[in-house]
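Chain and residue survey
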Amino acid sequence: MSKILIIEDDIVLSRMYQKKFEQDGYQVIAAYSGGEGLVAASREKPDCILLDIMMPAMDGFTVIRNLKQDEATRNIPIVILTNLGTSEIFIEEAKRLGVKDYLIKYKTSAKDVVAVVEKAINK
Amino acid sequence: MPGEESGDNLKIVLDTWYAISKIIAQAKDLPSLWEPLFKVVLKALNVDAGTLMTLEGDYLVRRVAIGMGEEIMKEPPIHQSQGGVSWSVVKSRQPKIITDLAKEKIASKVLAKTMHSLVTVPMMVRDQTLGVMSVFTRKERNFDQKDVNLFASIANQAAVAIASIRSAELLEENRRRLAELEALNELSKSISTLFDFEETLFSIVGLMTRTLRSDMGVLVLYDHQLKLLRAVKPAFGLNDAQIKDFRTRPDEGVTGQSFCKGIPIRLNRLDGETQQVLRRAGLSEVKSILAAPLKVKSQTLGVIHVFSKNENNFHEDDLRLFMILSSQAAVVVNSSKMLREIEEERKKDSALLASIGEGVLAIDRGGKIIMLNPAGEQITGFLEEELLGQTIKETLGLWDKDEKQIADQDSPIAKVLTEGKKVTLSEIYLRKRDGTLFPAYISVAATRDADDKIIGAIVVFRDITHELEVEQMKQELISIATHELRTPITGIKGYLDMILAGDAGPVSGELKEMLEEITRINQRLADLVDDLLNVGRLEQGRIEFKPVAMDIAQLIDEVVKELQIQAKEKNLELRFEKHEMEKVKADPERTRQILINLIGNAIKYTEHGSVTVTLGKNEHEVIVAVEDTGIGISREAQKNLFEKFYRVKTEKTRQITGTGLGLWITKQLVEKQGGKIWVESQEGKGSTFSFSLPMA
C-alpha cells in the first residue's frame, strides 16, 4: 500500500483528496501547513507528496527547498497541485526544484490526480 | 493775394504771416495755438471778436472764441443738419460776408444778440476743409474784398498749422498706442497671464475701449449648438443683463456681417438691423461701432466690438488699430478655448478629476517655466516663484515607469514644442520639492499664437499615487476572489467525480442524471471564473504573448482531434483537411485558445450538420475559417457580437449557456497577435467565423 502525504491548507479540498486517495487504496497522511508538512515528511517517509503552493506562513516552494536539503526527504517525488495558474515562472521554478508534475486543481479531476501520483511513485 | 495788395496792406499781410508762422512754430499742441493766433487775426483785421470751429465728422466744434464772452463756449457743437452760416461756408468753400446779422439765420444765439457784422472763411488745406474762422464787429461794418482775402489767407495758413500739429499729435498718439500695443504683446507672450483669461481679456477689451475713445467693449463668441453669436464675460461698460441679452444671429447686423465675412467694420451711423440687436440688449444709446472678427488660423471664433455713445466716433485709423488689438484678443480667446478642450478631454478620462486639483504648468518656447498654478504648487511642494525661469528637467524632472530619467531628446515636452502634437502619458514620475518621486498622469499641449506658431506648451499633471493604489487593490481583489472561488469549485467537482465513478456506491437512474446536471452547472461556474480572470488579465495587459514561427495546420489538426468527442456527442461532423501552409508568427498556447473558442462555439450553436475548418491565405496573412450549419446570427446581433458580456438572445440561444465573454476574449487574443477577426452569417443557415494571423 503506497503512502501519500497531502500538504494543503484548505481543509475542504484536503478532505476531498484524502477521501479519493483512501477510496483508491492509499494510506493518506494530511498536513495543513508547510511546517506541519515538513515534520510529517521526515517522520512518515511517504512514497509521494501532493503539495499546494499558496499557503500562509510557508509557501510550497519553500517546502520543496527544505525537503531537498534534508537527506531523508530529498528523493520523495513531489506533485504540485495548485490553483495558481499556468504562469511559466512557477512551472519553471517547480521544474528547477525537481518537481515531477504540476497540476492545476480546478482543471484536473480527482481521478487524474490519482493517476499522476501513481505514475510519479512508479517511476 | 498778398502780391496784389498796396504797400501798407502788404506789410500788414507779411507781418501777420510772420507772426502766425512764429506762433505755429512754437505751438506744442492745438489748444496752445488758438489764442495767440486769434490775437493776430483780431489785430490784423481790426475786429472786435473772432471764433474758430473745426470740422469733426458731422459736427462743427468751437475751439476758441475771443471777445464774445464765456457763454458761447458752452454751446454744443453744431450738427450738419442745423445748417447756419458756418455750415454753408464749409459746404460752399467760399467766404461769406454778413453785414447785418439780425437778418440772417445763424446757429449761435449768443452771437445773434451781440454782434452786427461778420466774415466767415473756410480753413482749407490740400483741398480739404478743416473748419471755419469767423470775425465779428459789434457795429455794422462793410467788409471789403481785401479784408476777406487777408482773412482767407490767414485761415488757410492756420489750416496748414492745424494739419501739421494734428499729424504730429496723431503720430504721438500712434506712438503711445504702439507702446501700449507692445505692452500688450508682452502681456500675451507671458503665458502666465493666459491663465487669467478673464483678466487678460478684460484688460484687452478695456484697453481697446479706452484707446479708441469708446464707452463700451464686448466680445461675442459663436455658440455652435444654439447657432448664435453670444456676448461673453468679461465686457467693459456693460452690465450683466446687457451681456446676457446681447446676442445675434450670424446673419444679423454689424456683428453678423463681421463674423460671416470675416472683416472688420466701422459703423459711424447705425443701420436699422444693428439698432434692433442693440435695443434687445438695452444698448440703445450706442451710436457708433467698431467690430472685428476674432480669427485664429482660418477659423472665426466670434466678433469683438467697441461701442461709442457718440456718432462718428471712429476714424479710419481707429479701424486699423482695432484690428491689431482684436488679433491679440483672438489669441487669448483661442488659448482659453484650448485649455478648456484639454480639460474636457481629461475629464473624460476620470470622474475623479472633478475632486482633484490638477497641476498646470506653462513653459515658453525655450522650455523655461513661466507659470505654475496653486494646485501644481500643492502637488509638487514647489512655489511658483521657485520654478520660474527654470526648465522642467532642472526641477520636476521626468522619469519613466522604471524611474529612469528621460533623456532630453525623448522628452514628450520637447516633442510637443517641436512637433506641436498633444501628448498624454500615464506612466511617468515627477519629483517633488523634497526629492521624492510621485507617479503622474501628464498631458502636454502646445500653445500657439494667431499665426499658428508654437510659442510654448502647457503641461497638465496630477498625482496618481492613490489611483495606482486603488488599481492594485482591485487587481489583488480579483486575483484573490478568483482563487478563492476556484477552490470550492474544485472541491465540488472532486466529490461529484467520485460519486459518479461509484466510489460511494452504485449511482444510476434519475440520481445519476441530476448529479451530471450539477457537474455541468459546476463546470459553467468554473468557465465563468476562468473567463473573468482572462478578461482582467487582458485588460491589464498581464497576458504574455510569446510569438514563434509555428505550423498552424498542425495546431488546428490537434484541436480538431480534441474536440471530436464533443462533436460526436451532438452527432455533428467536425472536418479539417490538413494541408501544407506557411508558418504563422503567433503564440501557440493563445492560438490554441482562439481555435478552441471558435470551434467550441460552432459545435455549441449547431444542432444538425457539420463544422468545417478551412485554411487559406492572402499576401501576408494566413486565414482560418470555422464554418458551421448552425442557427446563424442576425445582422443586428453581428454588430455587437464581439462586445464584452454580449449574448445573442433568441428562442434558440436561451438554452445554451455562456458568459458572453468568449468572443471578446478571442478577439483580444487575435488582435494582440496582429490579426483580425470577422464573421459572416445568415440566420437559420449558419455562420463562418474567420481570423487572420501574420505569416512568420
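On a predicted model such as this, the values are computed, not experimentally measured, just so you know.

A word on the overall build of chain A
Broken down by element type, chain A carries five helices and five strands. Ordered by position from N to C terminus, the α and β elements of chain A give β-α-β-α-β-α-β-α-β-α. Counting over 123 residues, chain A shows a buried share of 51%. Pairs at least 24 residues apart make up 62% of the contacts formed inside chain A by residues separated by at least 6 positions.

Some words on the environment of Lys-401 of chain B
Residue and element names in this part refer to chain B. Position of Lys-401 among the secondary structure elements: in the loop between helix H13 (384–387) and helix H14 (412–419). Judged by relative accessible area, which is 51%, Lys-401 ranks as exposed. Between the C-alpha atoms of Lys-401 and Ser-426, which are 25 residues apart in sequence, the distance is 9.2 Å. Setting aside its immediate chain neighbours within four residues, Lys-401 contacts Glu-427 and Tyr-429.

Things to note about the sheet that holds strand S1 (residues 3–7) of chain A
Residues and elements named next belong to chain A. Within the open sheet, the five strands sit side by side as S2-S1-S3-S4-S5. Their pairing is parallel. Lying at the two open borders of the sheet, with one neighbouring strand each, are strand S2 (27–31) and strand S5 (101–104). Direction aside, the axes of adjacent strands within the sheet are offset by 20 degrees on average. Here S1 pairs with S2 via five bridges, running parallel. Residue pairing for S2: Ile-4 is matched across the bridge by Val-28. Packing of helix H2 (residues 34–44) onto the sheet brings it into contact with S1, S2 and strand S3 (48–51), and relative to S1 it is tilted by some 165 degrees. This element, helix H3 (residues 60–69), spans S1, S3 and strand S4 (78–82) of the sheet and lies at about 170 degrees to S4.

Concerning unusual backbone geometry
Trans peptide bonds make up most of the peptide bonds, and negative phi angles are found at most residues other than glycine. For Arg-213 of chain B, which is not glycine, the phi dihedral falls at a positive 50 degrees. The residue Arg-213 of chain B is located in the loop between helix H7 (197–211) and strand S7 (216–223) in this model.

Here's the deal with the interface of chain B and chain A
Interfaces are often described in size by the accessible area the parts lose on coming together. Listed as interface residues are 14 residues of chain B and, on the opposing side, 19 residues of chain A. Contact between chain B and chain A buries roughly 1600 Å² in total, counting both sides, with carbon and sulfur atoms accounting for 60%. Our count for the contact surface shared by chain B and chain A stands at one salt bridge. Taking the shortest distance from any N to any O, the salt bridge between Lys-20 of chain A and Asp-503 of chain B comes out at 2.9 Å. For the interface between chain B and chain A, the tally reads three residue pairs in polar contact (both at pLDDT 80 or more). Looking at the side of chain B that touches chain A, the element that brings in the most residues is helix H15 (residues 465–500) of chain B, giving ten residues. Class assignment of the residues belonging to the side of chain B that touches chain A gives a composition of two nonpolar, five polar and seven charged.

Brief notes about the confidence of the model for chain A
Fine structural detail should not be taken from predicted coordinates in areas where pLDDT scores are low. For chain A, per-residue confidence averages 88 on the pLDDT scale, and 96% of positions sit at 70 or higher. In the model of chain A, helix H4 (residues 88–96) of chain A stands out as the element of lowest mean pLDDT, 78, in contrast to S1 of chain A, which has the highest, 96.

What to know about a nonpolar patch on the surface
All names here are of chain B. On the surface, a nonpolar cluster with roughly 340 Å² of combined accessible area is contributed by Leu-525, Leu-528, Leu-532 and Phe-645. Within the fold, Leu-528 resides in helix H16 (residues 509–539). Assessed through its relative accessible area of 31%, Leu-528 is described here as partly exposed.

Digging into the pattern of salt bridges
Counted under the stated rule, the structure contains 31 salt bridges over all chains. Across the salt bridge formed by Glu-636 of chain B and Lys-639 of chain B, the nearest N and O atoms sit 3.4 Å from each other. One end of the pair is Glu-636 of chain B and the other is Lys-639 of chain B, both in helix H19 (residues 635–640) and three residues apart, which spans about a single turn. Per residue, the accessibility class of Glu-636 of chain B equals that of Lys-639 of chain B, and both read exposed. Residues participating in the shared-partner salt-bridge network are Lys-3, Arg-43 and Glu-44 of chain A.

Concerning the side chain of Ser-134 of chain B
On the secondary structure map, Ser-134 of chain B appears in strand S6 (residues 128–137). Beyond its immediate sequence surroundings of up to four residues, Ser-134 of chain B is in contact with Phe-38, Ala-49, Gly-50, Thr-51, Val-119, Thr-120 and Phe-151 of chain B.

Some thoughts on empty space enclosed by the protein
Residue and element names in this part refer to chain B. Going through the model one piece at a time under the given rule, you end up with five cavities of 30 Å³ or more. In this structure, the second largest cavity encloses a volume near 50 Å³. If you trace the second largest cavity, you find it lined by Leu-361, Ile-392, Leu-396, Leu-398, Ile-413, Leu-430, Ile-442, Val-459 and Phe-461. Tallied by class, the residues present in the lining of the second largest cavity amount to nine nonpolar, no polar and no charged.

Focus: the sheet that holds strand S9 (residues 247–248) of chain B
Residues and elements named next belong to chain B. Spatial ordering of the open sheet is given by S9-S8-S7-S12-S11-S10, a layout of six strands whose pairing is antiparallel. A single partner strand is all that each edge strand has here, and the edge strands are S9 and strand S10 (265–267). Where strand S8 (residues 228–236) and S9 come together, two bridges link them in antiparallel fashion. In the sheet register, Leu-229 faces S9, and the bridge partner there is Thr-248.

Topic: the packing of aromatic side chains
Enumeration over the complete set of coordinates arrives at four aromatic pairs over all chains. A cation sits over an aromatic face here: Arg-462 of chain B above Tyr-441 of chain B, 4.5 Å from the ring centre.

Overview of the confidence of the model for chain B
All names here are of chain B. When pLDDT is averaged along chain B, the result is 81; 87% of the residues meet or exceed 70. Within the model, pLDDT remains below 50 along residues 348–356, and this stretch shows eight contacts once partners closer than five positions in the same chain are excluded. Our summary of model confidence lists the complex with pTM equal to 0.41 and ipTM equal to 0.74.

Looking at the nonpolar core
All names here are of chain B. Counting residues in each nonpolar core, the largest one holds 47 residues, and the members touching the most others are Ile-552, Ile-556, Ile-599, Leu-615 and Phe-691. Of all the elements, helix H17 (residues 552–569) adds the most residues to this core, at eight residues. Once you skip the residues sitting within four places of it in the chain, Phe-691 turns out to touch Ile-594, Leu-595, Leu-598, Val-622, Ile-623, Val-624, Val-670, Lys-676, Ile-677 and Trp-678. Of all hydrophobic cores here, the second largest spans 34 residues; its members include Val-148, Leu-150, Ala-152 and Ile-162.

Side note on the pairing of strand S11 (residues 288–296) of chain B
Residues and elements named next belong to chain B. Burial within S11 is extensive, with eight of its nine residues counted as buried. In this structure, S10 lies alongside S11, joined through three bridges in antiparallel fashion. The residue of S11 that forms the bridge with Arg-266 is Leu-290. Pairing geometry for S11 and strand S12 (residues 299–308), over nine bridges, is antiparallel. Counted as the bridge partner of Ala-291 is His-305 from S12.

Section: helix H18 (residues 588–604) of chain B
Residues and elements named next belong to chain B. Taking 1.5 Å as the rise per residue, H18 with 17 residues should run 24 Å; its terminal C-alpha atoms sit 24 Å apart, in good agreement. Every buried residue of H18 is listed here: Thr-591, Arg-592, Ile-594, Leu-595, Leu-598, Ile-599, Gly-600, Ala-602 and Ile-603. The N-terminus of H18 is capped by Asp-587, whose side-chain oxygen sits 2.9 Å from the backbone nitrogen of Glu-589.

Let's talk about the packing of H16 of chain B against helix H20 (residues 662–671) of chain B
Residues and elements named next belong to chain B. Close contact between H16 and H20 brings their axes to 10 Å; oriented N to C, the two are set at 35 degrees. The two elements H16 and H20 cross, and the hand of that crossing is left-handed. Residue-level inspection shows Asp-531, Asn-534, Val-535, Leu-538 and Glu-539 of H16 in contact with H20, the latter providing Gly-662, Trp-664, Ile-665, Gln-668 and Leu-669. Here the contact of H16 with H20 is composed, by residue class, of five nonpolar, three polar and two charged.

The rules behind these values
Residues numbered from 1 in each chain as written. Chains lettered and ligands numbered in written order. Predicted model: local features only at pLDDT ≥ 70, side-chain atom pairs only at ≥ 80, totals over all residues. Heavy atoms only, no water. Helix = DSSP H or I, 4+ residues; strand = E, 2+ residues; numbered from the N terminus. Buried < 20%, exposed > 50% of the residue type's maximum accessible area, 1.4 Å probe, protein only. Contact = heavy atoms within 4.5 Å. Pairing = 2+ DSSP bridges. Axes fitted to C-alpha atoms, helices over the stretch in contact; angles between N-to-C directions. Buried area = accessible area lost by both parts, 1.4 Å probe. Salt bridge = Lys/Arg side-chain N within 4 Å of Asp/Glu carboxyl O. Polar contact = N/O pair within 3.5 Å; in protein donor to acceptor, adjacent residues only side chain to side chain. Nonpolar A, V, L, I, M, F, W, Y, C, P; charged D, E, K, R; others polar. pLDDT = per-residue confidence, 0-100. Patch = residues over 30% accessible without salt bridge, like charges linked within 9 Å, V, L, I, M, F, W, Y side chains within 5 Å. Areas by Shrake-Rupley, 256 points an atom, 1.4 Å probe, with all protein chains shown as cover. 1 Å grid on protein atoms, 1.4 Å probe; cavity = no way out; pocket = protein on both sides within 12 Å on 5 of 7 lines; lining within 4 Å. Points joined across faces, edges and corners; volume = space filled by probe spheres on them. Phe/Tyr/Trp six-rings, centres within 6.5 Å; stacked < 30°, edge-to-face > 60°. Lys NZ or Arg CZ within 6 Å of the ring centre and 35° of its normal. Core = buried A, V, L, I, M, F, W, Y, C linked by side-chain atoms within 4.5 Å. Expected span 1.5 Å × (residues − 1). Left-handed = near helix turned anticlockwise from the far one by under 90°.

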